[in-house]
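# Fold and geometry: a report
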Amino acid sequence: QNAWYHQAVDFVLKNGLMYGYSDKEFAPNDTISRAQLAQILYQNEGRPAINTNSIFTDVPENAWYATAVNWAASKGIVNGYGNGIFAPNDTITREQFAVMLWQYAQNPDNNAKELSFHDGQQVSSYALHAIYWAVENGILHGYEDNTLRPKGFVTRAQAAQMLKTFIDCLPPY
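Report follows, based on the coordinates. Every value quoted in this text rests on a predicted model; they were computed, and no experiment measured them.

### With respect to the side chain of Arg-94
Position of Arg-94 relative to the elements: it lies in helix 4 (residues 94–104). A polar contact is formed between the side chain of Arg-94 and the side chain of Tyr-143, at a distance of 3.4 Å. Arg-94 has contacts with Ile-131, Leu-140, His-141, Gly-142, Tyr-143, Leu-148, Arg-149, Pro-150, Gly-152, Phe-153, Val-154 and Gln-158, leaving out every residue within four places of it along the chain.

Structure follows, in structure tokens:
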């Protein structure tokens, strides 16, 4: 209960966005996949019905995440890696997470035009506007050593905190 992520984990559990591995285990230091974030955003929307087939060759029709990924693609939230590849089981990076939230929020404008982190230049060009926005709005924070680690993986605790900030502190999208 004293962990920095406790309130965020409570929030995602109470709102049905994320689940524990059991009634007693959340595994805050485990990472999440690209498919899991698509599922989380889909659940936040109330799991709407969709009438679209997968545009991704690596998203089987009967996969647990297929509807969520197809919904996210139909809404422009995910684009994949190109050539019909989504890579649902890839661990999501911090910049990919920011991009998916930014696109879910319909690409809002931001005032930031630079990053003051030691590794700010490591942000991929496709993710730059999303990172500016996520940092400016307190969704994505740097580490104590003033790095952002844009290609680092997102833990479940970090995902819970970013989702809580995104949903609680920003206007509805």
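Having seen the structure, we can now continue with the description.
### Some points on the packing of aromatic side chains
Given two aromatic rings, their pairing is described by the distance between the two centres and the angle made by the two planes. In this structure the tally under the stated criterion is seven aromatic pairs. Here Trp-64 and Tyr-65 contribute two aromatic rings whose centre-to-centre distance is 5.1 Å and whose plane-to-plane angle is 90°, an arrangement assigned as edge-to-face. Of the aromatic side chains, those joined through ring pairs into one cluster are Tyr-42, Trp-71, Tyr-104, Trp-133 and Phe-166. One cation-aromatic arrangement involves Arg-149 over Tyr-143; the distance from NZ or CZ to the ring centre is 3.7 Å. If you follow Lys-164 out to its NZ or CZ, it ends over the ring of Phe-11, 5.6 Å from the centre.

### Remarks on the packing of helix 1 (residues 6–14) against helix 6 (residues 156–169)
Two packed helices can be described by the angle between their axes and the distance between those axes. Between helix 1 and helix 6, the shortest axis-to-axis distance is 8 Å and the interhelical angle comes to 70°. Classified by the angle between their axes, helix 1 and helix 6 sit roughly perpendicular to one another. Seen from above, helix 1 lies across helix 6 with left-handed handedness. Every residue of helix 6 that contacts helix 1 at Gln-7, Ala-8, Val-9, Phe-11 and Val-12 is listed here: Ala-160, Gln-161, Leu-163, Lys-164, Ile-167 and Asp-168. Looking at the contact of helix 1 with helix 6 residue by residue, the classes come out as seven nonpolar, two polar and two charged.

Here is what the cut-offs are and how they apply
Residues numbered from 1 in each chain as written. Predicted model: local features only at pLDDT ≥ 70, side-chain atom pairs only at ≥ 80, totals over all residues. Heavy atoms only, no water. Helix = DSSP H or I, 4+ residues; strand = E, 2+ residues; numbered from the N terminus. Polar contact = N/O pair within 3.5 Å; in protein donor to acceptor, adjacent residues only side chain to side chain. Contact = heavy atoms within 4.5 Å. Phe/Tyr/Trp six-rings, centres within 6.5 Å; stacked < 30°, edge-to-face > 60°. Lys NZ or Arg CZ within 6 Å of the ring centre and 35° of its normal. Axes fitted to C-alpha atoms, helices over the stretch in contact; angles between N-to-C directions. Parallel < 35°, antiparallel > 145°, perpendicular 65-115°, else oblique. Left-handed = near helix turned anticlockwise from the far one by under 90°. Nonpolar A, V, L, I, M, F, W, Y, C, P; charged D, E, K, R; others polar.

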